[in-house]
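The chain contents come next:
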Amino acid sequence: MIGNNDTTIQVDLRKRSSIKDEIDYRNLDIQSCMVVLVVMTALLFSVISVAAANAPII
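Our subject in this report is the structure included herewith. All of these numbers come straight from a predicted model, not from anything done at the bench. (Residues numbered from 1 in each chain as written. Predicted model: local features only at pLDDT ≥ 70, side-chain atom pairs only at ≥ 80, totals over all residues. Heavy atoms only, no water.)

The next point concerns the overall build of the protein chain. Tallying secondary structure elements over the protein chain gives 2 helices and 0 strands in all. Within the span of the protein chain, comprising 58 residues, buried residues form 0% of the whole. Looking at the protein chain as shown, the accessible area adds up to about 6000 Å², and 65% of this sits on carbon and sulfur atoms. (Helix = DSSP H or I, 4+ residues; strand = E, 2+ residues; numbered from the N terminus. Buried < 20%, exposed > 50% of the residue type's maximum accessible area, 1.4 Å probe, protein only. Areas by Shrake-Rupley, 256 points an atom, 1.4 Å probe, with all protein chains shown as cover.)

Listed below in structure tokens is the structure:
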């Protein structure tokens, strides 16, 4: 038969049960994730503060 005779299966069989395992497996940089989280939180708080502010009475 002519074709691909490579029968090796390349599967990651490590169990990833926590977020730390997933971050280690994906090689994510935790510091950059924290920076994004802080920026998103600051934007959320600024939107909430503007929405909750009382309108000035003229």
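Attention now goes to a nonpolar patch on the surface. There is a patch of nonpolar side chains on the surface, built from I30, M34 and L37 and spanning about 300 Å² of accessible area. By secondary structure assignment, the location of M34 is in helix 2 (residues 30-52). (Patch = residues over 30% accessible without salt bridge, like charges linked within 9 Å, V, L, I, M, F, W, Y side chains within 5 Å. Salt bridge = Lys/Arg side-chain N within 4 Å of Asp/Glu carboxyl O.)

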